[in-house]
Amino acid sequence: MLQQQPIAGNGPMSGRGLGLNAAAGMHPMNSVHPTSQHRSDGESGLEGSENGHESRRDIGDILQQIMTITDQSLDEAQAKKHALNCHRMKPALFSVLCEIKEKTGLSMRNAQEEEPPDPQLIRLDNMLLAEGVAGPEKGGGAAAAVSAATSSGGMSPDSSLEHSDYKTKLSQIRTIYHTELEKYEQACNEFTTHVMNLLREQSRTRPVSPREIERMVGIIHRKFSAIQTQLKQSTCEAVMILRSRFLDARRKRRNFSKQATEGLNEYFYSHLSNPYPSEEAKEELAKSCGITISQVSNWFGNKRIRYKKNIGKFQEEANIYAMKTAIGATQQSEDSPHTPNSTD
DNA sequence: TCGTATGATTGTGT
DNA sequence: ACACAATCATACGA
């Protein structure tokens, strides 16, 4: 009769009771209401009432399960894991853990991650845009520019042909640039998706907050944009080389038109004693010959030195132009005999 | 293909 | 800023 009691006291309730008490002992909140264990047998119904007591029991429950999880078999653990995952208190715990994680370590880097726009990247972008490599496809725009240049600047007809060669090469660079850029973008997206999926998967069992995922995505994007910067840089270099090869005026030397050379020679030989045209004279010559003032200066510079170096060679030319001016002078004097001729 | 002509550039001096 | 001299790189004719 008497022997029953102590044995019965250690019955099926013991595991749970001990567990709860142990958990309650670890959790400061539960120690306030030790009476809550009275409800241990009221599992059916009455859940809506007395919410405070309920949640305290729940937390204790979860913690207890966590504490004992290492003692369980794999299947058991999986089942427990699933149960924990589905537990209604899980989101709350999850957010607390995320918060703690935010406050430690990882968040330190957050402050300096505010990216200042890279000035070098902006320069590269601007240049690529200016060269027509980046930005929208320009079909009519370039053609219009070329035709405008040809019509306004008295360019020889084949210069536009060579310009189109330049354009072809440029569009090749453009195509390569865009394919590469697209490739990088695709790789970046794939990688980002992969990492995001991975982190989302992990976030079911680990405190990985959406913010952390976002941050990781940011890091990946920065890495890829660094690669893109390199691509832009090498594209810029290629364009510069192309420019220097095709648009360098020295390589594209064209002889002046016959009329232009004639006009220049006329002035030169009629001012042989002082072949230094004034600023106004240069302007006048430039206009009449359809060349620039600096081209006039270059021409006179070359002419003076080459004439001086070999007067004999230029004698014939000198005679021809002397004759021309003489004829011009006689005609002029015939027109108006009173005007004295003074050619230099 | 080669030699010469020629326009442009560079370095130097004033 | 300009002139000169040397040089470059292409144009052009034989």
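In this report, we go over the structure that sits alongside the text.

Thresholds, definitions, all that
Residues numbered from 1 in each chain as written. Chains lettered and ligands numbered in written order. Predicted model: local features only at pLDDT ≥ 70, side-chain atom pairs only at ≥ 80, totals over all residues. Heavy atoms only, no water. Helix = DSSP H or I, 4+ residues; strand = E, 2+ residues; numbered from the N terminus. Expected span 1.5 Å × (residues − 1). Buried < 20%, exposed > 50% of the residue type's maximum accessible area, 1.4 Å probe, protein only. Core = buried A, V, L, I, M, F, W, Y, C linked by side-chain atoms within 4.5 Å. Contact = heavy atoms within 4.5 Å. Polar contact = N/O pair within 3.5 Å; in protein donor to acceptor, adjacent residues only side chain to side chain.

## Considering helix α11 (residues 258-270)
Inference 1: If you check α11, its first and last C-alpha atoms are 18 Å apart, about what 13 residues at 1.5 Å a residue would give, namely 18 Å.
Inference 2: Buried residues of α11: Ala260, Leu264, Asn265, Tyr267, Phe268, Tyr269 and Ser270, and no others.

## A closer look at the nonpolar core
Here is a general trend for soluble globular proteins: nonpolar side chains tend to be buried in one another's company.
Inference 1: Formed by 17 residues in total, the largest nonpolar core has its most connected members in Leu264, Phe268, Tyr269, Leu285, Val296 and Phe300.
Inference 2: Listing elements by their share of this core, those giving two or more residues are α11, α12 (279-289), α13 (293-309) and α14 (311-335).
Inference 3: With five residues, the top contributor of residues to this core is α11.
Inference 4: In this structure, Leu285 is in contact with Gly263, Leu264, Tyr267, Val296 and Phe300, ignoring residues within four places of it in sequence.
Inference 5: Ranked by size, the runner-up nonpolar core spans 11 residues in total, among them Leu128, Val133, Leu170 and Leu181.

## Some details on the side chain of Ser270
Inference 1: Mapped onto the elements of the fold, Ser270 is located in helix α11.
Inference 2: From its side chain, Ser270 meets the backbone oxygen of Glu266 in a polar contact 2.7 Å long.
Inference 3: Within the structure, the side chain of Ser270 is placed 3.0 Å from the side chain of His271, a separation counted as a polar contact.

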